[in-house]
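# Examination of the molecular architecture
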Amino acid sequence: MYKLFLTLRYLRKRRIAYFAIAAVMLCTAMVLIVMSVMGGFLDQLKSKARGLLGDIIIDNRSYSGFPLYEEFIADISAWPEVVKATPVLYSYGLLRFYDSPQTNTVRVVGLRLEDAYHVNAFKSSLYYERFYPGTTTLAEQQQPLLGFDLRSPPIDWRDERGEVMGQGPRPALPPPYQEALEQSWAAGVRDTESPETEYTTTMQAANLPPIAGIYGVVPGVGEPALMGEEQPGLIIGRDILAKRLPDGRYQRLWQYPRGCLVSLTLLPASEAGTLDTPVKPLLRYADDSRTGIYEIDSQHVYCDFDLLQKLLHMDTAERVDPETGTVIGTAPARCSQIQIKIREGANPRELARRLERHYHGLASDPRFQDQLSLNDIQLIHFIEGMTWEQSQAHIIAPVEKERQLVTILFGIISLVAAVLVLCILYMIVLQKTRDIGIIKAIGGSSAGVALIFITYGAACGVVGSAVGSLLGYYFVIYINDIQDWLTSLNPAWQVWDRSVYSFDAIPNTVRTGDIVAVVVAAILTSTLGSLAAAWRAGRMEPVEALRYE
Amino acid sequence: MSDALLIADGVHKTYDMGRSQLHVLRGCSLHVAGGEFVAIMGKSGSGKSTLLHILGALDVPQQGQVLFEGRPVFAPPKQRHFYAHALDVLSGYERRRIALRRRAFGFVFQFYHLLPELNVLENVLVARMVGASTCAWPAQRRPARKDTLAILEHVGLSDRLKHRPAELSGGERQRVAIARALVHKPRILFADEPTGNLDAVAGDELMALLKGLHAVGQTIVMVTHDPGIAARADRVLRLEAGVLREG
Ligand SMILES: Nc1ncnc2c1ncn2[C@@H]1O[C@H](COP(=O)(O)OP(=O)(O)OP(=O)(O)O)[C@@H](O)[C@H]1O
Ligand SMILES: [Mg+2]
């Protein structure tokens with residue numbers, strides 16, 4: 001009983017204990033903040049990485065791709081667990097905006113846009129599709145030019161103060177775009193992700209909501225028009241063409257209006273794995289995509305699956321005997337990946353394995369015996385079925401490791417708190433040597449005396465970690481406000497640079513599990529820290545302690 | 001002598017001073033019968049406090065044994081390791097030594113040795129607390145408090161309960177120390193120079209208090225260098241050259 005009593009007495013009487021508590025508190029808060037921010041970062045990354053893929057990915061990691069995907073999709077579409085499956089092509093290329101000397105090496109993704117909308121979150125990553133629903137297409141298209149609607153009656157134009165300057169025509173886009181724009185105006189969709197453009201003032205003068213994005217303009221006062229030859233559409237990763245501002249918004253450049261021409265240089269590969277002569281199609285910039293993962297948004301461009309397949313010579317082709325020159329059969333079309341959306345509740349890992357097995361089975365299926373060459377069969381055997389997590393491991397795993405590493409590092413730094421608890425308790429033991437002697441002389445046991453100091457250390461841990469986790473919790477909750485406030489004081493103090501990280505805000509959620517882990521660890525370390533002091537107090541002979549000056 | 005409560009037999013204590021050795025006690029033996037009031041006299045530095053600490057189970061002699069009620073207080077010399085004390089809960093002898101300090105012995109130190117953080121009441125009460133487990137304490141709290149108040153009344157400190165040791169006079173502190181030594185009704189009260197820091201009047205009052213306790217059957221072993229004080233005991237022993245002599 002005396003242990004608890006004396007512990008409480010000493011805890012209140014010794015000011016110095018507050019330093020130990022403060023140290024524990026700060027370390028707890030620090031580790032909690034680090035764990036929460038890194039954990040939140042990881043969660044965001046995971047959800048974004050998932051956005052681009054299906055639940056299950058069938059891939060053989062070969063530039064040559066694999067055949068029989070249509071047959072496979074037809075087979076598995078009948079499976080109850082499979083909601084939708086779509087083939088995807090991956091290749092590499094050089095992207096060049098028409099008229100611009102700048103080229104980018106890009107990863108070219110061939111996809112069926114409508115299918116992709118169903119299988120993953122690709123649609124929500126598109127910019128123009130949000131403000132002009134239904135206008136983003138990978139099919140052939142012309143460039144829309146902003147002009148004036150000269151057929152409808154003129155409207156009032158106003159100056160900055162809102163006073164009518166006179167009457168003028170109404171600015172407008174060509175047909176499908178204008179209707180889509182008005183539809184989203186009506187729905188109240190406004191672009192808050194981009195800085196104001198010159199149109200903003202024009203549209204304000206015409207008393208209309210601003211026009212999202214960048215368009216070419218017809219010369220003079222002309223009708224809106226569709227210009228140029230029809231070319232297939234291309235969706236471009238946003239970081240390739242727009243500049244990310246420090247506040248996380250994107251500055252679109254006037255050089256890259258919607259529908260402008262881009263050229264893509266591609267290297268086709270044969271089923272045998274050899275490269276053919278490069279092809280260089282012209283496409284039109286139809287939209288841009290931002291998944292939120294910088295590695296993807298700064299490298300990926302997306303075009304139509306069938307188009308890319310043809311360009312890469314991966315479509316059905318005649319198989320010619322190189323010696324005689326006669327046609328000996330047809331080579332099946334190939335794709336590089338199949339993305340599959342599965343029904344909720346299905347076990348993705350198990351299903352991925354089952355799909356993989358089914359695909360391998362196709363290689364020996366009598367239906368396709370005459371189509372498949374030896375190369376095709378090998379390509380099929382390299383196929384793996386993966387869940388989205390497995391396939392994105394290369395992006396997620398480093399961050400996961402980083403989180404562990406940083407947590408461990410900060411945990412080690414937090415040992416400072418344990419050492420501080422040790423020093424302070426040791427000091428108290430030295431200061432209180434005589435008291436320890438007295439307590440022992442009136443019948444306190446070594447274990448009892450040691451327990452006083454262990455309880456003392458644990459109490460420092462409990463109080464410190466409780467206050468510390470509260471502190472850390474509120475710090476994380478308000479971390480963005482704190483950051484904004486710091487930035488308002490001095491812009492150089494912006495820790496979370498939105499132009500560097502893919503996320504607009506610092507993750508600000510705290511997981512209960514993290515709190516529990518940190519509090520338990522803090523109490524354990526401060527208890528451990530008190531052990532040395534407790535041992536010294538415990539092993540003192542009463543007389544030795546009483547004579548201590 | 002079968003009625004002896006406490007027996008010391010050939011107690012040796014040597015302090016290791018690095019190169020030299022200080023052989024303070026060179027075979028002290030004594031018998032204390034129940035209800036006896038024994039005074040131990042000796043020059044300053046002769047080892048009186050050392051002897052009293054050993055008798056009170058606070059210190060361990062290198063050789064010799066102390067028997068309380070015929071049972072040894074210390075482990076046989078060979079087992080008196082330095083760490084036996086630290087791991088006292090593991091050793092039967094050490095457990096008994098602690099139990100003796102808690103229940104059978106009361107000790108009044110030469111320099112009071114009160115806990116500065118606690119007030120008078122708590123300083124006395126804590127001697128009862130050490131004997132009680134955390135679970136048992138709630139039941140024992142009321143009687144312990146009653147005993148504490150009674151003993152403080154007895155030593156005349158009822159109006160100083162909330163004072164801290166620093167706020168007391170030397171005589172008052174000594175009386176708190178005595179109250180603490182008595183609160184668990186020990187079989188033997190050890191007092192090390194109880195009057196050493198007091199003036200003649202306060203010393204007389206204290207001796208009257210001890211005599212009163214002795215009159216109701218309290219066994220007392222007292223150390224003093226003052227022959228006048230020693231004369232009030234039943235029996236006086238002298239510690240000279242590390243050995244106890246009668247008279
Ligand atoms: N821990 C120790 N280490 C070394 N020597 C010690 C130790 N404790 C006591 N001594 C020595 O032992 C001798 C006896 O000390 P002790 O305190 O028993 O004397 P005392 O008879 O009580 O004296 P006083 O009347 O002054 O209180 C002294 O000379 C002292 O220096
Ligand atoms: Mg002495």
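Below you will find a few notes about this structure. Just so it is clear, the model here is predicted, and its values are computed rather than measured. (Residues numbered from 1 in each chain as written. Chains lettered and ligands numbered in written order. Predicted model: local features only at pLDDT ≥ 70, side-chain atom pairs only at ≥ 80, totals over all residues. Heavy atoms only, no water.)

Along chain A, the regular secondary structure elements total 19 helices and 20 strands. Across the 549 residues in chain A, those meeting the buried criterion constitute 52%. Excluding contacts between residues fewer than 6 apart, the proportion of contacts in chain A whose partners are at least 24 apart in sequence is 78%. For chain A, the accessible area works out to roughly 25200 Å², and carbon and sulfur atoms hold 59% of it. (Helix = DSSP H or I, 4+ residues; strand = E, 2+ residues; numbered from the N terminus. Buried < 20%, exposed > 50% of the residue type's maximum accessible area, 1.4 Å probe, protein only. Contact = heavy atoms within 4.5 Å. Areas by Shrake-Rupley, 256 points an atom, 1.4 Å probe, with all protein chains shown as cover.)

So, on to the environment of Val24 of chain B. Residues and elements named next belong to chain B. By the secondary structure assignment, Val24 is in strand β2 (residues 20-33). For Val24, a relative accessible area of 13% translates into the label buried. Once residues within four sequence positions are removed from consideration, Val24 is found in contact with Lys13, Tyr15, Ser46, Gly47, Thr50 and Gly242.

Turning our attention to the coordination of the magnesium ion (ligand 2). All names here are of chain B. Listed as protein donors to the magnesium ion (ligand 2) are Ser49 (OG) and Gln110 (OE1); their distances from the metal cover 1.9 to 2.5 Å. You can see Ser49 sitting in helix α1 (residues 48-55) and its partner Gln110 sitting in the loop between β6 (105-108) and α3 (120-129), a full 61 residues away along the chain. For Gln110, a relative accessible area of 23% corresponds to the partly exposed category. (Donors = N, O, S within 2.8 Å, 3.2 Å for Na, K, Ca; no water.)

What follows concerns the nonpolar core. Counting 112 residues, the largest nonpolar core has Phe453 of chain A together with Leu55 of chain B as the members making the most contacts within it. The leading source of residues in this core is α3 of chain B, at seven residues. Not counting chain neighbours up to four residues away, the residues in contact with Leu55 of chain B comprise Leu6, Ala8, Leu30, Ile40, Val66, Phe105, Phe190 and Val221 of chain B. Val106, Tyr215, Val262 and Leu311 of chain A belong to the second largest nonpolar core, which has 74 residues in total. (Core = buried A, V, L, I, M, F, W, Y, C linked by side-chain atoms within 4.5 Å.)

This next bit is on the site of ligand 1. Near ligand 1, the surroundings consist of 15 residues, among which Ser44, Gly45, Lys48, Ser49 and Thr50 of chain B are the closest. Close to ligand 1, residues of chains A and B are found. Ser46 of chain B is positioned such that a nitrogen or oxygen atom in its backbone is 3.3 Å from an oxygen atom of ligand 1. Between an oxygen atom of ligand 1 and a side-chain N or O atom of Thr50 of chain B, the distance comes to 2.6 Å. Considering ligand 1 on its own, with 630 Å² of exposed area, one finds that the protein chains cover 70% of that surface. Elements with a contribution of two residues or more to the shell around ligand 1: β1 (4-17), β2 and α1 of chain B. At three residues, α1 of chain B tops the list of elements feeding residues into the shell around ligand 1. Of the residues that constitute the shell around ligand 1, the class distribution is four nonpolar, seven polar and four charged. (Near = heavy atom within 4 Å. Polar contact = N/O pair within 3.5 Å; in protein donor to acceptor, adjacent residues only side chain to side chain. Nonpolar A, V, L, I, M, F, W, Y, C, P; charged D, E, K, R; others polar.)

All names here are of chain B. In spatial order, the strands read β2-β1-β4-β5; together these four strands make up an open sheet with antiparallel pairing. A single partner strand is all that each edge strand has here, and the edge strands are β2 and β5 (71-72). Bridge analysis of β1 against strand β4 (residues 63-68) gives five bridges, and the strand direction is antiparallel. Among the inter-strand pairings, His12 is bridged to a residue of β4, identified as Gln63. (Pairing = 2+ DSSP bridges.)

Residue and element names in this part refer to chain B. With their axes 11 Å apart at the nearest point, helix α5 (residues 170-182) and helix α6 (residues 200-215) run at an angle of 15° to one another. Relative to α6, α5 is oriented roughly parallel. Like other packed secondary-structure pairs, α5 and α6 cross with a definite hand, here right-handed. Contacts between α5 and α6 involve Gln174, Arg175, Ile178 and Leu182 from the first element and Leu206, Leu209 and Leu213 from the second. Counted by class, the contact of α5 with α6 contains five nonpolar, one polar and one charged residues. (Axes fitted to C-alpha atoms, helices over the stretch in contact; angles between N-to-C directions. Parallel < 35°, antiparallel > 145°, perpendicular 65-115°, else oblique. Left-handed = near helix turned anticlockwise from the far one by under 90°.)

Another aspect to go through is the interface of chain A and chain B. The interface is formed by 30 residues belonging to chain A together with 35 residues belonging to chain B. The junction of chain A with chain B conceals about 2900 Å² of combined surface from both sides, 65% of it contributed by carbon and sulfur atoms. Where chain A meets chain B, there are one salt bridge. Two residues, Lys432 of chain A and Glu117 of chain B, come together in a salt bridge whose shortest N-O distance is 2.9 Å. Put simply, chain A and chain B have three residue pairs in polar contact (both at pLDDT 80 or more) between them. Secondary structure elements with two or more residues in the side of chain A that touches chain B: α1 (2-13), α15 (433-441), α16 (446-477), α18 (512-538) and α19 (542-546) of chain A. Partitioning the side of chain A that touches chain B into residue classes produces 15 nonpolar, five polar and 10 charged. (Buried area = accessible area lost by both parts, 1.4 Å probe. Salt bridge = Lys/Arg side-chain N within 4 Å of Asp/Glu carboxyl O.)

Residues and elements named next belong to chain B. Taken in spatial order, the six strands make up an open sheet running β6-β7-β8-β3-β9-β10, and their pairing is mixed. The open sheet is flanked by β6 and β10 (243-246), the only strands paired with a single partner. When strand polarity is set aside, the average angle formed by the axes of neighbouring strands in this sheet is 20°. Bridge count between strand β3 (residues 37-41) and strand β8 (residues 219-224): five bridges; the pairing is parallel. Within the sheet, the bridge partner assigned to Met41 lies in β8 and is Thr224. Set on the sheet, helix α2 (residues 92-104) makes contact with β6 and β7 (188-192); between it and β6 the angle comes to about 75°.

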